[in-house]
Amino acid sequence: MSDAETSDTHFMNSFSVVLGILIFIAICIFAYARWVGREQLRDQMTQAMQIQAVQRNIAPFAREAIAGQSSPSPATTAAPPTAPTAAIPATGKQAFEQVCSSCHGLGLNGAPKAGDRAAWAPRIAQGMAVLYQHALHGIRAMPPRGGTNWPDATIRAAVNYMVSLAK
Ligand code: HEC
């Protein structure tokens, strides 16, 4: 064996050992990380507040209720009893936050975004009567009453609130 070959073999041997040690350390770190995170993971899956928050996030933002009929509550969306979705909000701000913001908050589907003056200016220019009318009866992708069964006064208050945000 020549000198060059011996040193090559020697290099390959030590290189494999170093590589093996590094892989072993990586596996140990991975296992340790799993071990450290295990309690947090379990808490996330079992904590009542977490589960409620997830249910709130995946709940439909509005439910139709027809007078004289008991409103169907889909089995998949057992809303927590503390947050009845059918409750009529007391103020325009609450109405906005509960329902209208789901489209108007981010400006989805061409909905004028709350607080966006440029988007609201031409709409406000139509006059409040027209805005109320469109909020109550719908216009294009805007569903009547935002998809709720709230009384006129609540819808008007929500319109007032959104208009006030864009002034
Ligand atoms: C499903 C999405 C959605 C929800 C929920 C929603 N809106 Fe809208 N809204 C729209 C869209 C889209 C438009 C734009 C319609 C258009 O001009 O084409 C709009 C437009 C409007 C306008 C302007 C109408 C006009 O004449 O220019 C008002 C006022 C309004 N919405 C009020 C409300 C109120 C109040 C609520 C809550 C009770 C609400 N919206 C909930 C989608 C929504």
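About the criteria used
- Residues numbered from 1 in each chain as written.
- Predicted model: local features only at pLDDT ≥ 70, side-chain atom pairs only at ≥ 80, totals over all residues.
- Helix = DSSP H or I, 4+ residues; strand = E, 2+ residues; numbered from the N terminus.
- Buried ≥ 20, exposed ≤ 12 C-beta atoms within 10 Å, placed from the backbone.
- Contact = placed C-beta atoms within 7 Å.
- Core = buried A, V, L, I, M, F, W, Y, C linked by C-beta atoms within 7 Å.
- pLDDT = per-residue confidence, 0-100.
- Near = placed C-beta within 6 Å.
- Nonpolar A, V, L, I, M, F, W, Y, C, P; charged D, E, K, R; others polar.

Below, the discussion takes up the overall build of the chain. When helices and strands are counted, the chain shows six helices and zero strands. The order of α-helices and β-strands along the chain, N terminus first, is α-α-α-α-α-α. Looking at the chain as a whole, 13% of its 167 residues are labelled buried. Considering only contacts in the chain between residues 6 or more positions apart, those separated by 24 or more positions represent 59%.

Among the nonpolar cores identified, the biggest contains 13 residues, and Ala95, Phe96, Cys100, Ile155, Ala158, Val159 and Met162 are the most heavily contacted of them. Contributions of two or more residues to this core are made by α3 (92–104) and α6 (152–165). Among residues more than four places away in sequence, those in contact with alanine 95 are Pro89, Cys100, Trp150, Thr154, Ala157 and Ala158.

This part covers unusual backbone geometry. With phi around 50°, asparagine 109 is a residue other than glycine that occupies positive phi space. Looking at the element boundaries, asparagine 109 is found in the loop between α3 and α4 (117–124). For arginine 140, which is not glycine, the phi torsion reads 45° and is therefore positive. Among the structural elements, arginine 140 can be located in the loop between α5 (128–137) and α6.

To continue, consider the confidence of the model for the chain. Looking at the chain, the pLDDT average stands at 84 and 87% of residues meet or exceed 70. Scored below 50 in pLDDT, residues 78–85 shows eight contacts in the model against residues more than four places distant or in partner chains.

On to the site of the ligand. The ligand sits among 28 residues. The nearest are Cys100, Cys103, Arg140, Met142 and Gly146. Looking at the shell around the ligand, the elements with two or more residues in it are α3, α5 and α6. Of the residues assigned to the shell around the ligand, the class counts are 16 nonpolar, nine polar and three charged.

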